[in-house]
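Single-letter residue listing:
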Amino acid sequence: MAGQDHIEQPRLEKLQRLLDRGINPYPHKFHRTHANAEAAEHYAELAASETNTTPTEIKLAGRVTAMRFMGKMAFFDIRDGSGKMQLLLRRDTLGDEKYEILRDIDLGDFLGARGFLFKTRSGEITLEAVEYTILAKALLPLPEKWHGLVDVEKRYRQRYLDLISNEEIKNLFVTRSRIISCIRNFMHSRGFIEVETPVLQPMYGGALARPFITHHHALDQDLYPRIALELYLKRLIIGGFDKVFEIGRVFRNEGISTRHNPEFTMMESYEAYADYNDVMEMTENLVSSVAKEVLGTTRVSFAGDVIDFAPPWKRLPLRRSLIDKCNLDFMDYPDAGSLRSRMEQMGMQVDPLKDRGRLIDELLSTYVEPDLKQPTFLTDYPIEMSPLAKRHRDNPALVERFEAFVCSMEIANSFSELNDPREQRERFVRQREMHAAEVERAVAAGELPEIEMIDDDFLTAMEHGMPPAGGLGMGIDRLIMLLTDKQSIREVILFPQLKTR
């Protein structure tokens, strides 16, 4: 069979024997009456009943994960999405031919069985089969001896094998689903409406990130998979929705690490008439309520540290944190040149093209983030770092912004949203001027710059009037890492990006 040299020959021979017997090893359907876990519950209910003791015929199905032949009977374990069930298959019940066909079944095959439940002397609930059906013949073996995959890269590349052989991993992604469901329920309970906005956008914006690019042939137009959800959600606030949120994939053409994947899941929300103080309260209550509902506690373990998500979380101004950690007040350095000189005096190697905002961000990541273990809101950022945020009501050199950090990892970002269209346009233009050299370098290299683009359509929407609002962006994958004690983002994404072999 050309192109199938990797398939084990004995399995192909067994497949051919089944076909020669007129057996279709890939039938269209099998009607099961119960999942395995439901069948076990059904048996327990019957056993506890004083009135109904008549056994019920049921049908189960699943992947064969163990086989033991003992003369005229065989025990098979089958596993479905709910758990494992043992099958007892007797020669006397099935007949000689059907019993011998069992020899052509391998670990990994799918099997359906009809029969009656009973409990063995060892106390295991078992289905004694009166009939079985082969549902799918596996041509490649499962991971050896059912001990699971150890090779980390193979686990990510062949996640289906990881899920088959590692029950813990399967449970992890069930937990992920529950976490996302709880987030949705929390947002709905606060009156937010879930919406969907375009994934392919004619202009990328809402974050400082390099996008991917694609081309739409019918429109003869370049489009960008979104790097954030922000600008379209704000259009909805302008359009009259007071509370909106979206959970969706975003795409950033950046490095890959234990905390970064080129595509990841974000939740963004916008609430009219609110500010970043309101969003702080919502964020700490959202995370703590999800932890309590999914895990039963607000105290979780992550990388050996015990983290308590119970409100209130610590609030720490960014300016104060830098003064405390490295004795540097960024207000004393009003431009990139003076701040760069000070950082070089501190022994830091500084990119000469970085503007003041990115230099402050480098100070933050070097001196402050490593010590932010317990949930902390870092607040009130320099205006250069946040072109979409409203100026601070007490200090116009700052904006009303927070980032939420846990275990040195940013999990959320929020603004009191800028809603003055004139100032918004000025900020976009000023940022583009500040990054002129970076833009020129990117264009020369055939790349897209990491700056906030001037989105005229968004600005036109703002000119129709946008109410004050509080916005939130939350990294769902990082939150799941924290709640499941996983140190790599690849562990919590079913199919993380990997370099093609």
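Everything quoted here is computed from the prediction, not taken from an experiment. (Residues numbered from 1 in each chain as written. Predicted model: local features only at pLDDT ≥ 70, side-chain atom pairs only at ≥ 80, totals over all residues. Heavy atoms only, no water.)

S.K.: What is the right way to look at the overall build of the protein chain in this model?
M.R.: Secondary structure assignment for the protein chain yields 16 helices and 18 strands. Overall, the C-alpha framework of the protein chain stretches about 90 × 60 × 50 Å when taken along its three principal axes. Within the span of the protein chain, comprising 501 residues, buried residues form 51% of the whole. Of all intrachain contacts in the protein chain linking residues separated by at least 6 positions in sequence, the fraction that spans at least 24 positions is 66%. (Helix = DSSP H or I, 4+ residues; strand = E, 2+ residues; numbered from the N terminus. Buried < 20%, exposed > 50% of the residue type's maximum accessible area, 1.4 Å probe, protein only. Contact = heavy atoms within 4.5 Å.)

S.K.: What am I meant to see in helix α11 (residues 336–345) here?
M.R.: Side chains three or four residues apart in an α-helix point the same way, a direct result of the helix having 3.6 residues per turn. Here α11 has its buried residues at A336, L339, R340, R342 and M343. Seen along its axis, α11 keeps its buried residues to an arc of 160 degrees; they face one direction. Those residues of α11 hidden inside the fold are in contact with α12 (356–368). Regarding α11, its N-cap is D335, as a side-chain oxygen of that residue lies 3.1 Å from the backbone nitrogen of G337 further along. Just beyond α11, the residue with positive phi is G347, at close to 90 degrees. (Arc of directions from axis to C-beta. Polar contact = N/O pair within 3.5 Å; in protein donor to acceptor, adjacent residues only side chain to side chain.)

S.K.: Could you clarify how one ought to interpret the packing of aromatic side chains in this entry?
M.R.: Geometrically, a pair of aromatic rings is defined through the distance of the ring centres and the angle of the planes. Taken as a whole and judged by the stated rule, the model has six aromatic pairs. A centroid spacing of 5.1 Å and a plane angle of 65 degrees characterise the contact between Y204 and Y224, whose relative ring orientation is edge-to-face. Residue Y204 is found in the loop between β7 (200–201) and β8 (214–216), and its partner Y224 is found in strand β9 (residues 221–225); the two are separated by 20 residues along the sequence. One exposure class covers both Y204 and Y224, and it is buried. For the ring pair F309 and W313, a centre distance of 6.2 Å and an interplane angle of 50 degrees mean the geometry is tilted. A relative accessible area of 0% means that F309 is categorised as buried. (Phe/Tyr/Trp six-rings, centres within 6.5 Å; stacked < 30°, edge-to-face > 60°.)

S.K.: Any chance you could explain the environment of G475 here in plain terms?
M.R.: Mapped onto the secondary structure, G475 falls in strand β18 (residues 469–475). For the pair G475 and P370, spaced 105 residues apart in sequence, the C-alpha separation works out to 19 Å. Residues within four places of G475 in sequence aside, it is in contact with T265 and I411.

S.K.: Is there a simple way to explain the sheet that holds strand β3 (residues 83–90) in this structure?
M.R.: By way of backbone hydrogen bonds, the strands of a sheet pair with one another, either parallel or antiparallel. As summarised here, the arrangement of the five strands in space is β1-β2-β3-β5-β4, forming a closed barrel in which the pairing is mixed. Recorded for the sheet is a direction-independent mean angle of 55 degrees between the axes of neighbouring strands. Where strand β1 (residues 57–70) lies against strand β2 (residues 73–80), seven bridges are found, and the strand directions are antiparallel. Paired with R63 across the two strands is R79, which belongs to β2. (Pairing = 2+ DSSP bridges. Axes fitted to C-alpha atoms, helices over the stretch in contact; angles between N-to-C directions.)

S.K.: Would you take a moment to explain the nonpolar core for this structure?
M.R.: Generally speaking, nonpolar side chains in soluble globular proteins are found buried as a group. Counting 46 residues, the largest nonpolar core has I183, M267 and F309 as the members making the most contacts within it. Of all elements in the fold, only α7 (167–189), β10 (243–251), α9 (276–295), β12 (299–302), β16 (398–406), β17 (409–416), β18 and α16 (476–484) reach the threshold of two or more residues within this core. The next biggest cluster of nonpolar side chains, apart from the first, holds 37 residues, and it includes L316, Y333, F415 and A461. (Core = buried A, V, L, I, M, F, W, Y, C linked by side-chain atoms within 4.5 Å.)

S.K.: Explain the sheet that holds β9 here, please?
M.R.: Spatial ordering of the open sheet is given by β7-β9-β8, a layout of three strands whose pairing is antiparallel. A strand with exactly one partner marks an edge of an open sheet, and here the two such strands are β7 and β8. By the bridge criterion, three bridges tie β8 to β9 in an arrangement that is antiparallel. Along β9, the bridge assignment pairs H215 with D222.

S.K.: How should the packing of α7 against α16 be read in this particular structure?
M.R.: Two packed helices can be described by the angle between their axes and the distance between those axes. As a packed pair, α7 and α16 sit with axes 10 Å apart at the nearest point and diverge in direction by 120 degrees. The orientation of α7 relative to α16 falls into the category oblique. Judged by the sense of rotation from one axis to the other, the crossing of α7 with α16 is right-handed. Contacts between α7 and α16 involve L172, T175, R176, I179, I180 and I183 from the first element and I476, D477, L479, I480, L483 and T484 from the second. Class assignment of the residues belonging to the contact of α7 with α16 gives a composition of eight nonpolar, two polar and two charged. (Parallel < 35°, antiparallel > 145°, perpendicular 65-115°, else oblique. Left-handed = near helix turned anticlockwise from the far one by under 90°. Nonpolar A, V, L, I, M, F, W, Y, C, P; charged D, E, K, R; others polar.)

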